[in-house]
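Letter by letter, the chains look like this.
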Amino acid sequence: KRVLDRDANPLLETLPVWAETFRPHQVAAIDQGVDAYARGVELVVVNAPTGSGKSLIGETVRRVLETTAVYLCTTKTLQEQIADLLKGPVRTPS
């Protein structure tokens, strides 16, 4: 199992307060994503319902792997959610 405790893993300590704990399906998806990349898979797709934490899953995998990512959003609301998750500004087209 991955260390998904914000206090024990410095890579996760800057996640927003609402992400203090992970739901069981998120833990499973994070583990599967990290394991897939470790096996050499180049692309992992998370297919889950609205509100299930796809952005949190993706960002946590990115942090655990200590890599970069590009987030593409179709609405301003999703851009704001990603900005909150990343704790920083998001560049948006004018």
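Please read these numbers as outputs of a predicted model, since none were measured by experiment.

Engineer: It is not clear to me how helix α2 (residues 54–65) should be interpreted in this structure. Could you clarify?
Structural biologist: Because an α-helix packs 3.6 residues into every turn, residues spaced three or four apart end up facing the same way. In a regular helix each residue adds 1.5 Å, so 12 residues correspond to 16 Å; α2 covers 17 Å between its end C-alpha atoms and thus fits that length. Of the surrounding elements, those touching the buried residues of α2 are α1 (24–38) and α3 (76–86). Positive backbone phi, at 55 degrees, marks E66, one or two positions downstream of α2.

Engineer: Is there a simple way to explain the pattern of salt bridges in this structure?
Structural biologist: When the charged atoms of two side chains lie near each other, side chains of opposite charge can form a pair. Taken as a whole and assessed by the stated rule, the structure comprises 2 salt bridges. Here R62 and E59 are joined by a salt bridge, their closest N and O atoms 2.8 Å apart. In this pair, R62 and E59 are both assigned in helix α2, 3 residues apart and thus about one turn of the helix distant. A salt bridge links E59 to R63; its shortest N-O distance comes to 2.7 Å. Taken together, the residues E59 and R63, both in helix α2 and 4 residues apart, mark about one turn of the helix. Comparing E59 with R63, the two get one shared label, buried.

Engineer: It is not clear to me how α3 should be interpreted in this structure. Could you clarify?
Structural biologist: For α3, the full list of buried residues reads Q79, I82, A83 and L85. Projected down its long axis, α3 carries its buried residues within an arc of 160 degrees, all on one side. Of the residues flanking the end of α3, it is K87, one or two places downstream, whose phi is positive at about 60 degrees.

Engineer: I'm lost on the nonpolar core in this one. Help?
Structural biologist: Proteins that are soluble and globular tend to have nonpolar side chains buried together. With 12 residues, the main nonpolar core is built from L4, L12, L15, A19, F22, V27, I30, V34, L56, I57, V61 and L85. If you list the elements that add at least two residues to this core, you get α1 and α2. Residues in contact with L15, not counting those within four places in the same chain, are R6, F22, L56, E59, T60, R63 and L85.

Engineer: Sorry, what's going on with the packing of α2 against α3 here?
Structural biologist: Packed helices, taken two at a time, are described by their axes: the angle between them and the distance between them. Relative orientation of the contacting elements α2 and α3 amounts to 35 degrees, with a least axis distance of 11 Å. With respect to the hand of their crossing, α2 and α3 are arranged in right-handed fashion. Contacts between α2 and α3 involve S55, L56, E59 and R63 from the first element and I82, L85 and L86 from the second.

Engineer: Help me understand unusual backbone geometry in this model?
Structural biologist: Trans is the common state for peptide bonds, and a negative phi is the common state for residues other than glycine. Of note in the backbone geometry, E66 takes a positive phi value of approximately 55 degrees without being a glycine. In this structure E66 comes out as exposed when scored by relative accessible area, which is 63%.

About the cut-offs
Residues numbered from 1 in each chain as written. Predicted model: local features only at pLDDT ≥ 70, side-chain atom pairs only at ≥ 80, totals over all residues. Heavy atoms only, no water. Helix = DSSP H or I, 4+ residues; strand = E, 2+ residues; numbered from the N terminus. Expected span 1.5 Å × (residues − 1). Contact = heavy atoms within 4.5 Å. Salt bridge = Lys/Arg side-chain N within 4 Å of Asp/Glu carboxyl O. Buried < 20%, exposed > 50% of the residue type's maximum accessible area, 1.4 Å probe, protein only. Arc of directions from axis to C-beta. Core = buried A, V, L, I, M, F, W, Y, C linked by side-chain atoms within 4.5 Å. Axes fitted to C-alpha atoms, helices over the stretch in contact; angles between N-to-C directions. Left-handed = near helix turned anticlockwise from the far one by under 90°.

The analysis is restricted to geometry; functional conclusions fall outside its scope.
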